[in-house]
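Observations on the three-dimensional arrangement
Residues per chain, in single letters:
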Amino acid sequence: MADIRFDGKVAIVTGAGGGLGKQHALELARRGAKVVVNDLGGSMDGTGGNSAAAEAVVAEIKAMGGEAIANGSSVTDDAGVALMVKQAMDTWGRIDVLIANAGILRDKSFSKMEIADFELVMNVHLMGTVKPTKAVWEIMRAQNYGRIVVTTSSSGLYGNFGQSNYGAAKLGIIGFMNTIKLEGQKNNIHINAISPVAATRMTEGLMPPAMLEKLKPEYVTPGVVYLASDEAPTGAILTAGAGAFALSRIYETEGVYLGEGGLSVEEVRDNWAKISDPTGQQAYVNGGEQGGKFFRKLGAG
Ligand code: NAI
């Protein structure tokens, strides 16, 4: 099969001044994409910032013969996001790919966490994904083409001590994807999620150096670039780290029909084993499929 290329395509990568986003931007550029490198350039907790990090990645792309422009806006800033999209449209006239990757951490156990830290992390990850997506959405609809990759985390999919704010935002991003994958389908807009594990400043100090050495961000990037390509599926959650790739899905058990009359709390308790039995469990592609099951059970009951 032919190599996956992005010639003539324009990509925006948020948070691409370092870590994973930088590798995504470099690989897209290597494969022919013109890239807007966005990065606020702040510290890991979201304070400070300037466009130097984004500009350094642009210089790297140009040095290898690629085309790129820098944007130092925050993904949560409406005017900054509008500017990022305008820069791409004024320079190249289209936007084919959005990789929503920017993010910060404010870790603390829930009992010690300030609501302000919860709100900030929700804002940067969730609204920092929604706002750039909204800003490119009508462009992609008019083009009848778009590929969006959002960035989730095992902390959102499964949980991680000290990351209730981050986990809530990261699973919120999946909820967002689950609906816009349906709304984008008729305009050939595919949206998928990456759940990475990589040695970046976010994971520094969390794992021994020998393990971090095996978790290079560039081992995640091939998965992201595939999800940004013409051949991408839609609605997938790809997990990636250390060169391993898998899909994560939300499953629902077949469950049990308890009838309408005489339903009680005790019946739910007494049927817990059947309700949680994994035999025949399914991953649905939209909420209506779940409702369909309930009515099928009612019919069968
Ligand atoms: P990183 O800290 O190296 O990269 C994040 C980048 O986003 C930084 O360059 C930062 O300046 C930028 N950024 C932060 N706030 C921004 C804002 N408001 N506007 C624009 N840019 C902003 O961390 P890493 O690991 O590369 O993270 C990339 C993404 O992957 C994040 O969404 C993170 O939550 C996610 N992730 C990373 C994992 C890992 O193992 N490294 C695990 C799971 C998810």
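Residues numbered from 1 in each chain as written. Predicted model: local features only at pLDDT ≥ 70, side-chain atom pairs only at ≥ 80, totals over all residues. Heavy atoms only, no water.

1. Re the layout of surface pockets
A water-sized probe, rolled over the atoms, reveals where empty space remains. One number sums up the size of the largest pocket: a volume of about 1000 Å³. Lining the largest pocket are 48 residues, and of these Met44, Gly103, Ile104, Thr200 and Met202 lie nearest its centre. Counting only elements with at least two residues in the lining of the largest pocket, the list comes to helix 1 (19-30), helix 4 (115-143), helix 5 (154-157), helix 6 (164-184) and strand 6 (189-197). In this model, the second largest pocket occupies a volume close to 530 Å³. (1 Å grid on protein atoms, 1.4 Å probe; cavity = no way out; pocket = protein on both sides within 12 Å on 5 of 7 lines; lining within 4 Å. Points joined across faces, edges and corners; volume = space filled by probe spheres on them. Helix = DSSP H or I, 4+ residues; strand = E, 2+ residues; numbered from the N terminus.)

2. With respect to the UniProt feature "domain: Ketoreductase" (unreviewed entry) in the protein
The feature "domain: Ketoreductase" (unreviewed entry), as given by UniProt, occupies residues 9-200 in the numbering adopted here. Counting secondary structure, residues 9-200 comes out at 48% helix and 17% strand; the distance between its end C-alpha atoms is 28 Å. (UniProt positions renumbered as here; feature names shortened; annotations may be inferred.)

3. What about the sheet that holds strand 6?
The strand order across the open sheet built from 8 strands is 3-2-1-4-5-6-7-8, with neighbouring strands paired in mixed fashion. Because the sheet does not close on itself, it has two edges, and the strands there are strand 3 (68-71) and strand 8 (244-247). Pairs of neighbouring strands in the sheet enclose a mean axial angle of 20 degrees, with direction left out of account. Inspection of the sheet shows strand 1 (residues 10-13) paired to strand 2 (residues 34-38) by 4 bridges, in the parallel sense. Across the sheet, Ala11 pairs through a bridge with Val35, a residue of strand 2. Helix 3 (residues 78-92) rests against strand 1, strand 2 and strand 3 of the sheet, and its axis sits at about 160 degrees to strand 3. Relative to strand 6, helix 6 is tilted by about 160 degrees, and along the sheet it contacts strand 5 (146-151), strand 6 and strand 7 (237-241). (Pairing = 2+ DSSP bridges. Axes fitted to C-alpha atoms, helices over the stretch in contact; angles between N-to-C directions. Contact = heavy atoms within 4.5 Å.)

4. Comments concerning the side chain of Thr152
Within the fold, Thr152 resides in the loop between strand 5 and helix 5. Contacts of Thr152, omitting those with residues within four sequence positions, involve Leu157, Lys170, Ile174, Ala193, Ile194, Ser195, Pro196 and Ile237.

5. Some points on the pairing of strand 5
For strand 5, the buried fraction is high: 6 of the 6 residues fall into the buried class. Here strand 5 shows two buried faces, one formed by Gly146, Ile148 and Val150 and the other by Arg147, Val149 and Thr151. Looking at chain direction, strand 4 (residues 97-100) and strand 5 are connected through 4 bridges and run parallel. Note on strand 5: the bridge partner recorded for Ala100 is Val150. A crossover connection joins strand 4 to the parallel strand 5 through helix 4; in handedness this β-α-β unit is right-handed. Summarising the sheet, strand 5 and strand 6 pair through 6 bridges and their orientation is parallel. If you follow Ile148 over to strand 6, its bridge partner there is Ile191. (Buried < 20%, exposed > 50% of the residue type's maximum accessible area, 1.4 Å probe, protein only. Right-handed = clockwise from strand over helix to strand, strands pointing away.)

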